[in-house]
Structure formats: structure tokens, C-alpha cells
There are 6 protein chains.
Amino acid sequence: MSEFTHFNNQGRAKMVDITDKQESHRSATAHSSITVNKSIYQGITSNQMKKGDVLAVAQVAGIMAAKQTSTLIPMCHPIPISGVDIQFEWLQLKEDHQLQIDVTVKTKGSTGVEMEALSAASVCALTVYDMCKALDKGMVIGQTYLSHKSGGKNGDFSRT
Amino acid sequence: MSEFTHFNNQGRAKMVDITDKQESHRSATAHSSITVNKSIYQGITSNQMKKGDVLAVAQVAGIMAAKQTSTLIPMCHPIPISGVDIQFEWLQLKEDHQLQIDVTVKTKGSTGVEMEALSAASVCALTVYDMCKALDKGMVIGQTYLSHKSGGKNGDFSRT
Amino acid sequence: MSEFTHFNNQGRAKMVDITDKQESHRSATAHSSITVNKSIYQGITSNQMKKGDVLAVAQVAGIMAAKQTSTLIPMCHPIPISGVDIQFEWLQLKEDHQLQIDVTVKTKGSTGVEMEALSAASVCALTVYDMCKALDKGMVIGQTYLSHKSGGKNGDFSRT
Amino acid sequence: MSEFTHFNNQGRAKMVDITDKQESHRSATAHSSITVNKSIYQGITSNQMKKGDVLAVAQVAGIMAAKQTSTLIPMCHPIPISGVDIQFEWLQLKEDHQLQIDVTVKTKGSTGVEMEALSAASVCALTVYDMCKALDKGMVIGQTYLSHKSGGKNGDFSRT
Amino acid sequence: MSEFTHFNNQGRAKMVDITDKQESHRSATAHSSITVNKSIYQGITSNQMKKGDVLAVAQVAGIMAAKQTSTLIPMCHPIPISGVDIQFEWLQLKEDHQLQIDVTVKTKGSTGVEMEALSAASVCALTVYDMCKALDKGMVIGQTYLSHKSGGKNGDFSRT
Amino acid sequence: MSEFTHFNNQGRAKMVDITDKQESHRSATAHSSITVNKSIYQGITSNQMKKGDVLAVAQVAGIMAAKQTSTLIPMCHPIPISGVDIQFEWLQLKEDHQLQIDVTVKTKGSTGVEMEALSAASVCALTVYDMCKALDKGMVIGQTYLSHKSGGKNGDFSRT
């Protein structure tokens, strides 16, 4: 039966030993989103024609956050990330607009990159919030979850 | 009219100049959550009697993340945080259980601590995900938003 | 007479004691540049119409580097930076093109922000190199220096 | 009566709220040491005439560690350190030699710099270990403690 | 004969070249301790029944410090740590109590993890100090040393 | 034809996927310099006889910066650096003196270490500036470029 893996014989947190795990190609995709009002949406999208738009900053933040994951998440193993790609898409809601954020992280390593993808997606959304909060502090970051994962001995995962 | 504040005369991102803003007492509270299945809920809560439970780790991660906010969020000003408190509460859903995460950050500074509170809440939820993902990768981090904010010249904010 | 200030009575490096220095408004502007060939110049500038151009990434990198300065430069005091602005301009050389990078950093603190401005300018140039090096590894980062400085008891500095 | 201050009403760790504490001049001195064999002692001290001796590296490491303290120690407040000075002295033991490490950190802030001084002293000793471990892995880092502290409303402390 | 390995032909510090070293399974265990008075001992141990005790925080700090070692110790190689486990045990002294801290770090890499184990043990002890210093600033961190090491071409080490 | 590699199908920056690249021995050497006046030159060089000279600090800063490169340069892959060596040489100009800085970085990895060498050289020069700026703020950091590179499928590079 599956069990918590992050506790030692004293019942205390530990970083799980992955020394014997095989290196393999691994990939994980995480999803987050942020809902903004029409005024912010127009500001961001009209700004896309300019040189340093909100999404460009958010994206750099997301990629850098993927590299900082093991510094942020205590029991996370440091992993040599081999690629990060972030995709944005706008979804029109009734009155508001929702920015869809999908982050794919890849590695050739001994453990998965789920946390790297989730952290990057979160920081991406947080950065959009930061850059638009002078206009509206009521923006909401939507559900954040793992969409897909492949590689590793536990096989693939796809959110249904 | 309100406008994007993070862009310079070249249309590029900048860190807003707050040199002339007065220092004042500021506080911000952010909310996040994570929904876990019954088995994980029982694992976490029965574990609370032990010495190093999941929530203790998540909480340390959240507090440390508050201090790392300006490293994570590109246009965020570095701020000398003067206090962080994280509160947890479990909510029973139909089949699942949802951990409520409420983070309050305080400072005496020239700009608000909304991003610090939001970042801490996100990293808190991400850490719970990390420590339970061996049991279920389908956990979902819920909506993340600013609940309250006080201090600063723009006045208070309360999510309605 | 002026003297090296970073050495203690044992002749070893120390972080200079600024406890008694007054806080004041301070500003520093630093200059750097990078010379690229025509093909890279066209790639960067035509790309400006797209959403995530080279300069947008370089600029975020520069701003984040300003905040990391005291982690990079051993004897540098940690300072609460209150604003960073980076300006780009292209200069046509005979065959090549030179990106002018001018970074202004502000603070209200007990020591100057010269190192923050210089570090940001350097990292900005390094990031352009990184993003274009697949096209040409022969790019050269130009002279990097302090252009202006104001505030503090030693008065202003302007490069002549 | 004195009590643990780092726990909230849920019995969980928090970063203590110092928003209302007055800024004052504060200073803390911490002591550590490392005992090395004669061969290492001679290597280090004869090396002092060269350009990049072991102690110079240890000292830079200690100063940089003082600045990283709030990133290392979870409940530590970020503080704008205003000065760091590290003093070394050799003590001859029967057969071995002991490097005395004394670090003084200063700030003008709302909380003390005891942890900054202690962290710097520890990292200083660890760095000496690192640079000499190819010669002997049996070196021992000695007792590490706070020697003096001044400033703040709780008054001064001197180790007797 | 063994020699200092961290100096280049100019007599200056360098990061030793390990490019040609074979990757192998490596493990290192380091020991530290902290002596606290009876009142603190009782506070910590009675608190163990609560949710976020002092040792839980210290442990997270130690694990995160292991991952930060190459950022703290200048000549240390960055290593992909594959596991960290920290064990605590209380020893009763005459009047005081001493917390024994034993940290084991593992990797599959080209160089050992002695520094990672030593750094984690030190930061663990420093964190206990931080969380109890409101009660007594006279606590002493005890001797810190390498207990065991295995793997690598130089063979095993056990402190006698 | 060569193309920008750091953009995804949305025209946004990404971290290039190197998952399938072979690990190989790689080396990169970068050059920078800083020109100082006679008084600073004499201060630095006479100081070399002491224990903690300017260049020793600059060198530690450069080595630590090489390890921080992927945190500084947004699209840079984290790489396990296996060696760093920094060489200094003084060149006499008409009135001034120019410190030549040459940094060689090595790795056994899936991507090159050009950025690590360039970042280390830049931070080295910036650190000299920091430690001498009390004497003269007019120092100029000279051209910074890649001198050599070997390893990897694109073959070697030597600046002509």
C-alpha cells in the first residue's frame, strides 16, 4: 500500500533517498490560471504589441521559479532541469477574462519534475497579479494542478 | 484613472519607484487551499500527533517563501518583513477534505506585503502537494487570492 | 586622504560599518553595452513586435540582478532598493550594432546603489549574450561604468 | 515569565511580529573555532604570505553567510546588516592548533543580529574545514556561542 | 603527499576540477549538538506533542541547508543531493540537556557530501538556538564534526 | 540556418530543451578587465602581501557567481560545474593599470559553460570595483567576451 514517504523512523520529515533510482527522461505539465477584469485584460493584451508586456515578465518569472523549486519546497530534490516551456491562452468568461497558464518542464533525472511545473505555474500567476494589482486587488488565481506526467517507474499520469 | 505602473517610457517593465512613499505599518492576508482525498487527510491529521507533520513542513516553507518573494516576483520590491503567521483549518467536502491556508504578513515599510502573503500561501499549498504526491497526484490547489490588506495611502482592501 | 575601507585591523576584508550613516535619497546610473552582428540585430529588433523579445528577458534579468547584488558582491551591504529603470538604445557601428544599456537604481538608505546599477547593467548584457549565442559566440560586452551618482555625504559623481 | 515566542495560537511556528519594535543600534559577537593538525596549521599559516589563503576565503564566506542568515534560519527576520567584521587568532593546543573565529555584526534595526553573527562564525569554520579536508577529515569545529550582544530593549548580554 | 587542493598556480583559491572523477554512490554523516537549560528542554519536549515543534523547524532548516551548501561554502561543488535524514536524541547532562544532531546525506555524484552533512548539522543547531534564544542566550552549540563517510576513491572514513 | 533558439511557438521565451543532448566534457574561458588609477593599483598590489587582498575577495566572488549563473541568467540551464579557475594579470597602460581577468569553467554536462565563465568574469570585475570605489568611482570595466570554448556538438570556438 502507498504510504507517506517523507518521514523517517523518528516520525520526522526527511528528504527521500533516490540514490538508487534510475535516471530517465521525465516530463510534467501543470496548469494554473488567473481571472482579471476587462480593464486589465485590455491593458495586458493591447500591451502585447509593446516591448515588455506583462506576460513576458510572468513567463521569465515562471522559468526562473522552476529552477528555484528545490530552494522553495523543503523536501524537493535538486534536479538539473533540461527544458521549460510556458503557454498562455485567454478564456473569456461572462464579464471577466481568464489567463490559462500551462507549464511543461523536462529533465533527465532520478525523480520527477511535477513540483517544478507546479511552482512555475504558480509564480507565473503570482507575477501577473503583482503587475496588475495597482488596477484591481480582487484578481483570483484559479485552481492549480498537475495535468500530465510521464517517465519514471510509476508510469504516466493524466488528469481526467 | 488607474494605470499599469510597471512600465517605463519605452513601454518596458520597470520596478516602480517608491523612494518617496512614506513608511507605514502594513498588513496583508492571503488565502489558498488544497483538496486532498480521505486517505491523505487521515494520513496528515493522524500524523499531527507525531513530531514532524506535513503541515509543520508546509508552514516553514510558507514563512521562508514570504522572505523570498522579491527574488521570485520580478518587479517586487525587497521588503523587511516584520512578521508572518499561517493558520490552517480543515473543511470537509463531500468525499474529500480541503485544507484552508490563511497567511498574514506584516511590515513597516514603503510598500505593501500582498505579494509576500500570496507567495507564502501558494508555497504552503505546493509543499503539501509535494509531501503527499506519492499517494495521489490528483490533488488540486484551490483559488488563491488576497483576503485583506491594510496600511498604505490607497487604504484598506477586504475581499467581499 | 582616501583609503581602502574594506580592510580590518588584521588586514582582512570586512563589510564596512555604515550603522551611523544617515539614510538619504540616493540614485546611481550605470552603463554597459553589447555589440552584435547585423543578423542578430535584425533578429532582436524584428522580434520586438512579438510578445517575448530578447530585450524584455534581459530587462527582467537586470532588475532581478539589482535585487541580488548583495548576494553577488561579497562586501556589498544589503539595501532595500526602491526603484529600477533600464533604458535600451541601439547604436549603429560600421558593420555591427551596439545595444546601449543604461540602468538607474534608487534607494532611500544608508549607502549608495552604484553596485546595484553596475550589476544590473552587466547581467542585462550577459542575458542578451545568452539568448543570442546560438547565432554568434563572438559578441562583445562593452565597457561598463558608473555614469552618475547622487545622494550621500560624498556628493554627486558624473562621468565626464 | 519568558516563553517560547515562535508559536502561534495553533501551536505552530510563526515569524514573531516585530512591527512595533523600535529601530536601534544593535551589535552581536559570536565565537566559533576549528582545531586542525600541525600539518594543516603550517599549510594555512605559511600560505598567508600568498595571495589567496584559506582564511581569506573563509572570511568572505562568513561575511556572505551573515547576509544569507534569514534565508537559512526559518524564523529569522530579514535585517539590513550594516557591518561585519571577522577576527582570527591561532591558539596552540598540545599537538594541534585551534583557529579562534570571532564575528561581530552590526545593524540599525528592529531586532538583534545574534543569528547573523552565529551563522557567519559557523560558515567561517565550515569553509576552513572544506578547504583543508583533503589533508585530514578529522578536524573538529569547536563550541559555537554568543559572546556579546548590545542594543534592543532586553539589554546587553555578555557570556561569562 | 597530500596537499592543499584548492589553490591554482598563482597561489589563489580555485574550485578543484572534478570533471574526470567517476560518479559513485556516496554518503556522509555529520554530528553536532546544542546544550540547553532544563526550562528550554522541557519547553521543547513537551511541545513535541504539538503540531509545529522546535525540532520540526530545525529539521526542515537542516534539510534546506544541505541543498544550499554550494551557495554557502565558496569552493564547494554543486551536487545533486539524493537524500537527507536527520536524527535527534536528547542526552541528559548534570543540569542541562544536550540535543544530539546526526545528519546523513547521500548522493550519486563525482564528489563527496561531507560539507552538505556538516552544513545541515550546523544550521539545525543554529535554528534551535534561534527559536529558544528568547528564553536563554547562553545556549552553546557543541562540537561539529564528520562521523562517517563512504564512497569515492579515497575510501571510507569513520571518526574513532 | 541558425536561428534564435529561446522562443516557443507563441513567440515567447522558453528554456531550450536539452534533454536529448549527450553529456560531454566542456570547458569555456571568458575574459574581462578593469582599469584602475595608479593609486588603486599600488593599494591592491602592495596589499597582496597582506592576508585578505582585493583580488582574493574578487576571486571568491567570481567562483561563487559561476555557481549562481542559472539563477541570474533567466534562460540558462542549471549545470553541475566541475571546476573553476580564475587568473589575474596586470597590464600597464599609459597612466593607469588594467587588471586582466581570465576565468575557465569546466563541466561534464549537456550544455556549455560559456555563461558561467562570462558571469564569473563580470562579477570578479564588479567586486574589484566595489572594493576600490571609495578611492575612485571612475574605474571602467573593460570588454567582456568569450575567449575559448571546447566540447559539445557544435565544436570549439576561439576568439581570433
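Residues numbered from 1 in each chain as written. Chains lettered and ligands numbered in written order. Predicted model: local features only at pLDDT ≥ 70, side-chain atom pairs only at ≥ 80, totals over all residues. Heavy atoms only, no water.

- As recorded by an unreviewed UniProt entry, chain A carries the name Cyclic pyranopterin monophosphate synthase and is attributed to Alkalicoccobacillus murimartini.
- In UniProt, chain A has this text filed under Pathway (unreviewed entry): "Cofactor biosynthesis; molybdopterin biosynthesis."
- Here chain A is described in UniProt, under the heading Catalytic activity (unreviewed entry), as follows: "(8S)-3',8-cyclo-7,8-dihydroguanosine 5'-triphosphate = cyclic pyranopterin phosphate + diphosphate". (UniProt positions renumbered as here; feature names shortened; annotations may be inferred.)

1. A look at the pattern of salt bridges
Inference 1: This structure, assessed with the given rule, holds 24 salt bridges over all chains.
Inference 2: For Asp53(A), the salt bridge identified is with Arg12(F), shortest N-O distance 3.2 Å. Of the two residues, Asp53(A) is situated in the loop between α1 (38-47) and α2 (54-72) and Arg12(F) in the segment before β1 (24-36); the pairing between them involves two chains.
Inference 3: Taking relative accessible area as the criterion, Asp53(A) reaches 0% and is therefore assigned buried. (Salt bridge = Lys/Arg side-chain N within 4 Å of Asp/Glu carboxyl O. Helix = DSSP H or I, 4+ residues; strand = E, 2+ residues; numbered from the N terminus. Buried < 20%, exposed > 50% of the residue type's maximum accessible area, 1.4 Å probe, protein only.)

2. Observations concerning the interface of chain A and chain B
Inference 1: In this complex, chain A contributes 55 residues to the contact, which on the side of chain B involves 55 residues.
Inference 2: When chain A packs against chain B, close to 4700 Å² is buried across both sides, 70% of that on carbon and sulfur atoms.
Inference 3: In this structure, the connection of chain A to chain B is made through two salt bridges.
Inference 4: Put simply, Glu114(B) and Lys137(A) hold a salt bridge, and the shortest N to O gap is 3.3 Å.
Inference 5: Taken together, chain A and chain B are joined by six residue pairs in polar contact (both at pLDDT 80 or more).
Inference 6: The leading source of residues in the side of chain A that touches chain B is helix α3 (residues 114-132) of chain A, at 12 residues.
Inference 7: For the side of chain A that touches chain B, the per-class residue count stands at 29 nonpolar, 15 polar and 11 charged. (Contact = heavy atoms within 4.5 Å. Buried area = accessible area lost by both parts, 1.4 Å probe. Polar contact = N/O pair within 3.5 Å; in protein donor to acceptor, adjacent residues only side chain to side chain. Nonpolar A, V, L, I, M, F, W, Y, C, P; charged D, E, K, R; others polar.)

3. What about the relation of the copies chain B and chain D?
Here two copies of a chain appear, and what relates them is a rotation about an axis with a shift along it.
Inference 1: Its rotation angle being 120°, the transformation that places chain B on chain D also includes 0.0 Å of axial translation and leaves an RMSD of 0.0 Å. Accordingly, the operation relating the two chain copies is best matched by a three-fold axis. No C-alpha of chain B approaches the rotation axis more nearly than that of Pro80(B), which lies at 4.6 Å. (Least-squares fit on C-alpha atoms with pLDDT ≥ 70 in both.)

4. Digging into the packing of helix α2 (residues 54-72) of chain B against helix α2 (residues 54-72) of chain E
Inference 1: The geometry of α2(B) relative to α2(E) is characterised by a closest axis approach of 9 Å and an angle of 60° between their N-to-C directions. Taken together, the axes of α2(B) and α2(E) are oblique relative to one another. In this structure, α2(B) meets α2(E) at a crossing whose hand is right-handed. Across the interface between the two elements, Ala56(B), Val57(B), Val60(B) and Met64(B) from α2(B) touch Ala56(E), Val57(E), Val60(E) and Met64(E) from α2(E). (Axes fitted to C-alpha atoms, helices over the stretch in contact; angles between N-to-C directions. Parallel < 35°, antiparallel > 145°, perpendicular 65-115°, else oblique. Left-handed = near helix turned anticlockwise from the far one by under 90°.)

5. So, α2(E)
The α-helix advances 3.6 residues per turn, and as a result positions three or four apart in sequence lie on the same side.
Inference 1: Between its first and last C-alpha, α2(E) extends only 24 Å over 19 residues, short of the 27 Å set by a 1.5 Å rise per residue.
Inference 2: Along α2(E), the helix axis deviates most sharply at Ala66(E), where the bend reaches about 45°. (Expected span 1.5 Å × (residues − 1). Bend = angle between axes of the 7 residues up to and from the residue.)

6. Here we look at the side chain of Lys149(E)
Inference 1: Mapped onto the elements of the fold, Lys149(E) is located in strand β5 (residues 145-150).
Inference 2: One buried charged residue, Lys149(E), remains without a salt bridge, the closest side chain of opposite sign being Glu114(E) at 4.6 Å.
Inference 3: Not counting the four nearest positions on each side in its chain, Lys149(E) is found in contact with Lys137(D), Ser27(E), Ala28(E), Glu114(E), Gly155(E), Asp156(E) and Phe157(E). (Lys, Arg positive; Asp, Glu negative; His and termini not counted.)

7. Overview of the UniProt feature "binding site: substrate" (unreviewed entry) in chain A
Inference 1: In this numbering, the UniProt entry assigns the feature "binding site: substrate" (unreviewed entry) to Met75(A), Cys76(A), His77(A), Met115(A) and Glu116(A). Judged by maximum C-alpha separation, these annotated positions cover 42 residues in sequence but sit close together in space, the widest gap being only 12.6 Å.
Inference 2: Residue placement: His77(A) occurs in the loop between α2 and β2 (81-92).
Inference 3: Setting aside residues up to four positions removed in sequence, His77(A) forms contacts with Met15(A), Val16(A), Ile18(A), Ser70(A), Thr111(A), Glu116(A), Ile81(E), Ser82(E) and Gly83(E).
Inference 4: Assignment of secondary structure puts Met115(A) in helix α3.
Inference 5: Apart from residues lying up to four places away in sequence, Met115(A) is in contact with Thr69(A), Ile73(A), Cys76(A), Leu126(B), Tyr129(B), Asp130(B) and Lys133(B).

8. What about the packing of aromatic side chains?
Inference 1: Applying the stated criterion across every chain yields a total of six aromatic pairs over all chains.
Inference 2: Where Tyr41(A) meets Trp90(A), the ring centres are 4.8 Å apart and the plane angle is 80°; that geometry is what we call edge-to-face. You can see Tyr41(A) sitting in helix α1 and its partner Trp90(A) sitting in strand β2, a full 49 residues away along the chain.
Inference 3: Using a relative accessible area of 21% as the deciding quantity, one classes Tyr41(A) as partly exposed.
Inference 4: When its relative accessible area of 22% is taken as the criterion, Trp90(A) is described as partly exposed.
Inference 5: Directly above the aromatic system of Tyr145(E) lies the positively charged group of Arg159(E), at a separation of 4.7 Å from the ring centroid. (Phe/Tyr/Trp six-rings, centres within 6.5 Å; stacked < 30°, edge-to-face > 60°. Lys NZ or Arg CZ within 6 Å of the ring centre and 35° of its normal.)

9. Quick notes on the side chain of Ser122(E)
Inference 1: Summarising the element assignment, Ser122(E) is placed in helix α3 (residues 114-132).
Inference 2: The exposure class assigned to Ser122(E) is buried, which follows from its relative accessible area of 6%.
Inference 3: If we ignore the near neighbours within four places in the chain, the residues touching Ser122(E) are Leu126(D) and Thr144(E).

10. Details of the relation of the copies chain A and chain B
Inference 1: Screw-axis analysis of chain A against chain B gives a translation of 0.0 Å along the axis, an RMSD of 0.0 Å, and a rotation angle of 180°. One copy is carried onto the other by what is essentially a two-fold rotation axis. Taking the C-alpha atom as reference, chain A places Gln143(A) closest to the rotation axis, 2.7 Å from it.
Inference 2: Looking at chain A, 100% of its interface residues are interface residues in chain B too, so the copies touch through the same face.

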